[in-house]
Amino acid sequence: MVSLDVGYTLGEPRGTTLTQRLVELSPLPAGRAKRLAQQILHPLDPRSDTTGVRRVCEALAIAPGLFPHDHDPPEFDLWAGAKEAVARISQFVPVVTLSNVSHWDECESDISGLLTPHLRAHHPSWRLGYAKPDRRAVQTVARLHGFGPAEVLHVGDSFDYDVRGALAAGARALWITTGVPTAEENGLLAQHPGRVALVPDLPGAVRFIERIVHPSTRTTRSVTP
């Protein structure tokens, strides 16, 4: 099974996200505020957990009355060729999406509709209750579809979320990046030889997956110690 990240792998939001608004409100350093906000908001379902808003405000040192309840969720734009890419992958293996996103930012989006009929399912973190890189995100999605984690190839653009999350879960990762891995990243990759491959873009990911099913050429970078 292939699980696909959504944001900045298949497209991007058109506008300001809730996390971005909270970072602007917080007196904490932007990077730290972003991580804290995402850790709390991404796996949070506010319909059943009424403490989330208070927790994120406390973590970010924001007065609860300043929480942007008026947040207007941005529309999500698929990048050109993304639906066609998902369609090609789905010819060979079952495809799902696994996205780190808050309830507030996704409530106006219809990822399943945008990618119909090529997805088996769409799994946003706020519905799963787990967000990457928590290993339970990939493991839960695998179990829901009758697969073991080792049978999952997770595709995404983020090393910290997509690659770390897949490796922690026991899955393989296909990392979309044009950069050169840092020493720290290479260190982790070296601990998992053969479990991560690098491609420059989504079309490259499609070609890699096609080669898994029909091996012919070997042009994809893979990382080994």
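Now for a look at the structure at hand.

Analysis parameters
- Residues numbered from 1 in each chain as written.
- Predicted model: local features only at pLDDT ≥ 70, side-chain atom pairs only at ≥ 80, totals over all residues.
- Heavy atoms only, no water.
- Axes fitted to C-alpha atoms, helices over the stretch in contact; angles between N-to-C directions.
- Helix = DSSP H or I, 4+ residues; strand = E, 2+ residues; numbered from the N terminus.
- Parallel < 35°, antiparallel > 145°, perpendicular 65-115°, else oblique.
- Left-handed = near helix turned anticlockwise from the far one by under 90°.
- Contact = heavy atoms within 4.5 Å.
- Nonpolar A, V, L, I, M, F, W, Y, C, P; charged D, E, K, R; others polar.
- Buried < 20%, exposed > 50% of the residue type's maximum accessible area, 1.4 Å probe, protein only.

Looking at the packing of helix 1 (residues 18-25) against helix 2 (residues 30-41)
So, step 1. Where helix 1 contacts helix 2, the axes come no closer than 9 Å and their chain directions differ by 135 degrees. Regarding the angle of helix 1 to helix 2, the classification is oblique. Remark: the crossing between helix 1 and helix 2 carries right-handed chirality. Residues L18, T19, L22 and V23 of helix 1 lie in contact with helix 2, whose contacting residues are A30, A33, K34, A37, Q38 and L41.
So, step 2. Here the contact of helix 1 with helix 2 is built from residues that sort into seven nonpolar, two polar and one charged.

Looking at unusual backbone geometry
So, step 1. Residue P117 is bonded to the preceding T116 through a cis peptide linkage, with omega at 5 degrees.
So, step 2. Relative to the assigned elements, P117 resides in the loop between helix 6 (111-115) and strand 5 (121-124).
So, step 3. Put simply, K132 and P133 share a cis peptide bond, and its omega is 15 degrees.
So, step 4. Counting through the fold element by element, P133 comes out in the loop between helix 7 (125-128) and helix 8 (135-144).
So, step 5. At Y8, a position not held by glycine, the phi torsion is positive, near 70 degrees.
So, step 6. Position of Y8 relative to the elements: it lies in the loop between strand 1 (2-4) and strand 2 (11-14).
So, step 7. Exposure remark for Y8: the relative accessible area of 43% places this residue in the partly exposed category.

Digging into the environment of Y161
So, step 1. Checked against the element boundaries, Y161 lands in helix 9 (residues 159-169).
So, step 2. In this structure Y161 comes out as partly exposed when scored by relative accessible area, which is 26%.
So, step 3. Counting along the chain gives 40 residues from Y161 to A121, while the straight-line C-alpha distance between them is 20 Å.

In short, geometric facts, not functional conclusions.
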